[in-house]
There are 2 protein chains.
Amino acid sequence: MGGGSSGGSPGRGSRANIRDVARVAEVSVATASRVFSDSSLVRPATREKVLRAAESLGYLPNAHARALVGGGGHTVAFLTAEMVGPSFADLASGVEQVTAEYGHLFMLCTTHDDVEREQRYVRLMGEQRAAAVLLVGATEAGPDYQRRVLGYVKELGAVGTQLILCGRPPVSPGADVPSIEYDNLGGGYSATRHLLELGHRRILAVGFSPLQTTTGPRLTGARQAYGDAGLPVDDLLLAESCFSIEEGDRAVTQALAEDTGFTAVVAAADHVAIGCLRAIRRAGLRVPEDISLTGFDDIPVVSDLTPALTTVRVPFGELGRVSARVALDEVERRRYRHVVLPTELVVRASTAPPPPA
Amino acid sequence: MGGGSSGGSPGRGSRANIRDVARVAEVSVATASRVFSDSSLVRPATREKVLRAAESLGYLPNAHARALVGGGGHTVAFLTAEMVGPSFADLASGVEQVTAEYGHLFMLCTTHDDVEREQRYVRLMGEQRAAAVLLVGATEAGPDYQRRVLGYVKELGAVGTQLILCGRPPVSPGADVPSIEYDNLGGGYSATRHLLELGHRRILAVGFSPLQTTTGPRLTGARQAYGDAGLPVDDLLLAESCFSIEEGDRAVTQALAEDTGFTAVVAAADHVAIGCLRAIRRAGLRVPEDISLTGFDDIPVVSDLTPALTTVRVPFGELGRVSARVALDEVERRRYRHVVLPTELVVRASTAPPPPA
DNA sequence: TTGAAAGCGCTACCAA
DNA sequence: TTGGTAGCGCTTTCAA
């Protein structure tokens, strides 16, 4: 080291290619190719020779050249706003698992909720001739969104890349994009009904955005629970807020200050619920003795909070697996254009009857 | 639908290529190419024509063809055991962020701690001619591991792919693989010293594996703290256990049953600490009044536990960003073969002086 | 069972 | 400013 001029990694000049391998192995390029495509029409001895040559040259087939002639990429792109939270992890793992089973590559892209980044990535994945692009997770579902997705369908369709909506509802008529989602409305419904059945009447809803594809329907479900119980929906108090621990905290703190007399909080998501819990505590109140609290998602830690959180479980892993299968398997895709996986209420210790008035 | 025979996505037969675009735009292939490589030597009017043609054909450049001639992939592969936990999220986000800044693609692969999968992915990434492969996170650092990494260096080196160790120590002499890690030993040291300073003497260490690249040094640090304080290292009680909430729970439950008289627990990671907390509670003891507890990593939720957890903060985001920069920038790489980022003790409510004997 | 050669879609070089 | 064209590394006919 230090002295020589030709230092660096092995094969510094040009990388070995299949022609080099063929030459060293004293066979034709075609034969060498057959060996690496594990075709069976090669005599074992010949195969050995080729393999040895490859080994000695540090040869690795070039996936780009293969994709070029073979006609396709073998990548599944997973497009999400952020890669945070256990829900993300389960979902992504599910996709990754099935993707690997199909012998494809899993590619993760984060948009940070930036439309431009999203568009760039979709285009990029088209250029890569990805097998599929999964648009994952909650989003604001306005007309702009519809139009954007339609654009993606067209752009990707032209290069043979399949678009899939994962954890989102289908885009309305026209575009026929497969959509794998879960029952947000039902989850919101059962959480709220649970509280109503316990005797709560004035419930504070925190963290819901009516236009968002996940929390919107959850809110609708909550409303429906009031309706079905024959109770005035006006008793469902709405605290506007976003999707973080801090904002959940802030929202509840404010609601408490306004003294609107709620005895329970339905949070739009577990993270929000954690923030709510903080705020309730800080106000010197107890959960569930003074105020009941529910979350949504059932991320692992919420069972370790004090008290353990009552929440709605979402089958993230399965969502991922099903999405990937639909993305990669044409038969499944034809069969399942729209799948809605069930959600399930998990009652733990954060909900109880309201304190006696 | 149903009747026609030529249905399906647009351009059903063959996808448009640059030649088609050139033909429609009535220019040469070379000119069309220049437009998409945004080279400046094209008259605006011509550029327009080409762009319009591309648009009308739904043309998207083929990244594989480009990589083939351009000589390289633009992918950064992130190889980790699992994509769980906020630490993973921060780390991966950091890598992704910088990767995007360099105009590269971020690719995530999970090995599930399976050597075979790891090897397959490394090879696959070599075939993709990835710009870099990051081996991320804790691992058992035996001689097998050393040998394996050496193999990767050779395999990837031959195709021009850079290998980087991220959150792991360098492999010992010989292979010169860049390594970006953080101060595990120092973290273990300061957590333990903190407990010692509070007056604890018999401390239970949970979740450490001496051979593992992260918890191993953390344990060494803990021992060192005893040594530096002039205290018998034998008072650091070792509870063998793995890396999950459940195993932390089990370990502490057992230790409690054995009545070894410890007044504090150092957990090898926050997740383990959560399990310890569970066990301590179940035994009817309080944290920190009866038993103090520290974690490691500082994942977001631990500040919401009751009590908030004293732990060691790891700069995961920066770890990711630095790793990516070293991976992608030859100058940085030459300068920083080995980086150790600092860790920091965060004292919260789970630690206090031991109860009076 | 093996080999020769024609592309896959693109860029980059050299000429015009 | 534009066009012709030789590859990039590979697979895959078609022949031998």
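Predicted model, so just to flag it, every value in this text is computed and none were measured.

What counts, and where the lines are drawn
Residues numbered from 1 in each chain as written. Chains lettered and ligands numbered in written order. Predicted model: local features only at pLDDT ≥ 70, side-chain atom pairs only at ≥ 80, totals over all residues. Heavy atoms only, no water. Pairing = 2+ DSSP bridges. Helix = DSSP H or I, 4+ residues; strand = E, 2+ residues; numbered from the N terminus. Axes fitted to C-alpha atoms, helices over the stretch in contact; angles between N-to-C directions. Contact = heavy atoms within 4.5 Å. Near = heavy atom within 4 Å. Polar contact = N/O pair within 3.5 Å; in protein donor to acceptor, adjacent residues only side chain to side chain. Nonpolar A, V, L, I, M, F, W, Y, C, P; charged D, E, K, R; others polar. Disulfide = S-S within 2.5 Å. Buried < 20%, exposed > 50% of the residue type's maximum accessible area, 1.4 Å probe, protein only. pLDDT = per-residue confidence, 0-100. Least-squares fit on C-alpha atoms with pLDDT ≥ 70 in both. Salt bridge = Lys/Arg side-chain N within 4 Å of Asp/Glu carboxyl O. Domains from an automatic or database assignment. Buried area = accessible area lost by both parts, 1.4 Å probe. Expected span 1.5 Å × (residues − 1). Phe/Tyr/Trp six-rings, centres within 6.5 Å; stacked < 30°, edge-to-face > 60°. Lys NZ or Arg CZ within 6 Å of the ring centre and 35° of its normal. Parallel < 35°, antiparallel > 145°, perpendicular 65-115°, else oblique. Left-handed = near helix turned anticlockwise from the far one by under 90°. Core = buried A, V, L, I, M, F, W, Y, C linked by side-chain atoms within 4.5 Å.

(A) Main features of the sheet that holds strand 7 (residues 236–239) of chain A. Residue and element names in this part refer to chain A. Strand order across the open sheet formed by four strands is 7-6-8-9, with parallel pairing between neighbours. On the outer flanks of this sheet lie strand 7 and strand 9 (292–294), each paired with one strand and no other. Across the sheet, the mean angle separating the axes of adjacent strands is 20 degrees when strand polarity is ignored. Pairing of strand 8 (residues 264–267) with strand 9, which is carried by three bridges, proceeds in the parallel orientation. Directly across from Val-265, in strand 9, lies its bridge partner Leu-293. The sheet strands contacting helix 8 (residues 184–198) are strand 6 (203–206), strand 8 and strand 9, and the helix crosses strand 8 at an angle near 170 degrees.

(B) Local environment of the protein's contact with DNA strand D. If you check the shell around DNA strand D, you find 25 residues, and the closest are Ile-18 and Tyr-59 of chain A together with Thr-31, Arg-34 and Thr-46 of chain B. The protein-proximal atoms of DNA strand D, defined as those within 4 Å of the protein, are 63% sugar or phosphate. Within the side chain of Asn-17 of chain A, a nitrogen or oxygen atom sits 3.3 Å from a phosphate oxygen of DNA strand D. When contributions to the surface near DNA strand D are tallied by element, the ones reaching two or more residues are helix 1 (18–25), helix 2 (29–36) and helix 4 (63–70) of chain A together with helix 2 (29–36) and helix 4 (63–70) of chain B. The biggest single contributor to the surface near DNA strand D is helix 2 of chain A, with four residues. A breakdown of the residues in the surface near DNA strand D according to their chemical character gives 13 nonpolar, seven polar and five charged.

(C) A look at the protein's contact with DNA strand C. Taken together, 25 residues are adjacent to DNA strand C, and Arg-34 and Thr-46 of chain A together with Ile-18, Tyr-59 and Arg-66 of chain B come closest. The sugar-phosphate portion of DNA strand C accounts for 66% of its atoms within 4 Å of the protein, the bases making up the rest. Side-chain polar atom of Thr-46 of chain A to a phosphate oxygen of DNA strand C: 2.4 Å apart, as the coordinates give it. Taken together, the elements giving at least two residues each to the surface near DNA strand C come down to helix 2 and helix 4 of chain A together with helix 1 (18–25), helix 2 and helix 4 of chain B. Counting residues per element, the surface near DNA strand C draws most heavily on helix 2 of chain B, at four residues. Each residue belonging to the surface near DNA strand C can be placed in one class, and the counts come to 13 nonpolar, seven polar and five charged.

(D) Quick look at the state of the cysteines. Taken as a whole and assessed by the stated rule, the structure comprises zero disulfides over all chains. Free cysteine: Cys-109 of chain A, not disulfide-bonded; nearest cysteine sulfur from Cys-109 of chain B at 13 Å. Overall, Cys-109 of chain A belongs to the buried group, its relative accessible area being 1%.

(E) Broad picture of the confidence of the model for chain A. For chain A, per-residue confidence averages 91 on the pLDDT scale, and 96% of positions sit at 70 or higher. Taken together, the stretch residues 1–13 of chain A has pLDDT below 50 and engages in six contacts with residues farther than four places along the chain or on a different chain.

(F) Focus on the relation of the copies chain A and chain B. Expressed as a screw operation, the relation of chain A to chain B combines 0.0 Å of axial shift with a rotation of 180 degrees, fitting to an RMSD of 0.1 Å. With respect to symmetry, the two chain copies, as superposed, fit the operation of a two-fold axis. A share of 100% of interface residues in chain A that are also interface residues in chain B marks the association as one of identical surfaces.

(G) Broad picture of the interface of chain A and chain B. With 55 residues of chain A at the contact, the number on the chain B side is 55 residues. Between the two partners, chain A and chain B, sit two salt bridges. Here Glu-96 of chain B ties to Arg-117 of chain A by a salt bridge, and the two come within 3.5 Å at their closest N and O atoms. Scanning the region where chain A abuts chain B turns up eleven residue pairs in polar contact (both at pLDDT 80 or more). Elements that contribute at least two residues to the side of chain A that touches chain B include exactly helix 4, helix 5 (85–101), strand 2 (105–110), helix 6 (115–127), helix 7 (143–157) and helix 11 (270–282) of chain A. Element by element, the count of residues in the side of chain A that touches chain B is highest for helix 6 of chain A, at seven residues. Looking at side-chain class alone, the side of chain A that touches chain B contains 27 nonpolar, 15 polar and 13 charged residues.

(H) Spotlight on the domain arrangement of chain A. Residues and elements named next belong to chain A. Per the domain assignment, the segments of chain A are domain 1 (18–61), domain 2 (72–182 + 316–341) and domain 3 (184–314). On a C-alpha basis, the centroid separation for the pair domain 2 and domain 3 is 30 Å. Each partner contributes residues to the interface: domain 2 has eleven residues there, and domain 3 has eleven residues. Between domain 2 and domain 3, the buried area comes to about 1000 Å², and carbon and sulfur atoms account for 61% of it.

(I) Examining helix 7 of chain A more closely. All names here are of chain A. Spanning 15 residues, helix 7 covers 21 Å between terminal C-alpha atoms, matching the ideal 21 Å at 1.5 Å per step. Within helix 7, burial applies to Tyr-145, Arg-148, Val-149, Tyr-152, Glu-155, Leu-156 and Gly-157. The inward-facing, buried residues of helix 7 contact helix 6, strand 3 (132–136) and strand 4 (162–166).

(J) The arrangement of the packing of aromatic side chains in detail. Inspection of every chain in the model, using the stated rule, returns nine aromatic pairs over all chains. Note on Tyr-182 of chain B and Phe-316 of chain B: the rings are 6.0 Å apart at their centroids and 70 degrees apart in plane angle, and the pair reads as edge-to-face. Of this pair, Tyr-182 of chain B sits in strand 5 (residues 179–182) while Phe-316 of chain B sits in helix 12 (residues 316–328); the two residues are 134 residues apart in sequence, bridging distant segments of the chain. By relative accessible area, which is 9% here, Phe-316 of chain B ends up buried. Within the aromatic cluster, the residues linked to one another by ring pairs are Phe-78, Phe-88 and Phe-106 of chain A together with Phe-78, Phe-88 and Phe-106 of chain B. Taking NZ or CZ as reference, Arg-218 of chain B lies 3.7 Å from the ring centre of Phe-296 of chain B, over its face.

(K) The packing of helix 6 of chain A against helix 7 of chain A, seen in detail. Residue and element names in this part refer to chain A. Following both chains from N to C, one finds helix 6 and helix 7 inclined at 15 degrees, their axes separated by 10 Å at the closest point. In terms of orientation, helix 6 and helix 7 fall into the roughly parallel class. The two elements helix 6 and helix 7 cross, and the hand of that crossing is right-handed. In contact with Val-115, Glu-118, Gln-119, Val-122, Arg-123 and Gly-126 of helix 6, helix 7 contributes Arg-148, Tyr-152, Glu-155 and Leu-156. Here the residues of the contact of helix 6 with helix 7 are counted per class, giving four nonpolar, two polar and four charged.

(L) Representation of the packing of helix 4 of chain A against helix 4 of chain B in the model. As a packed pair, helix 4 of chain A and helix 4 of chain B sit with axes 8 Å apart at the nearest point and diverge in direction by 140 degrees. The orientation of helix 4 of chain A with respect to helix 4 of chain B, classified from their angle, is oblique. In this structure, helix 4 of chain A meets helix 4 of chain B at a crossing whose hand is left-handed. Contacts between helix 4 of chain A and helix 4 of chain B involve His-64, Ala-65, Ala-67 and Leu-68 of chain A on the former and, on the latter, His-64, Ala-65, Ala-67 and Leu-68 of chain B.

(M) Quick look at the nonpolar core. One finds Phe-78, Phe-88 and Leu-134 of chain A together with Phe-78, Phe-88 and Leu-134 of chain B to be the most contacted residues of the largest nonpolar core, which totals 92 residues. Setting aside chain neighbours within four positions, we find Phe-88 of chain A in contact with Phe-78, Thr-80, Glu-82, Met-83 and Leu-108 of chain A together with Met-83 and Phe-88 of chain B. Among the nonpolar cores identified, the runner-up in size contains 54 residues, and Ala-273, Ile-274 and Leu-277 of chain A together with Ile-280 of chain B belong to it.

(N) Here's a closer look at helix 9 (residues 215–228) of chain A. All names here are of chain A. With 14 residues, helix 9 should cover 20 Å at 1.5 Å per step; its first-to-last C-alpha distance of 20 Å lies within 8% of that length. Those residues of helix 9 not exposed but buried are Thr-215, Gly-216, Arg-218, Leu-219, Gly-221, Ala-222, Ala-225 and Tyr-226. Elements in contact with the buried residues of helix 9: strand 5 (179–182), helix 8, strand 6 and strand 7. The positive-phi residue at the C-terminal boundary of helix 9 is Gly-230, with phi of around 70 degrees.

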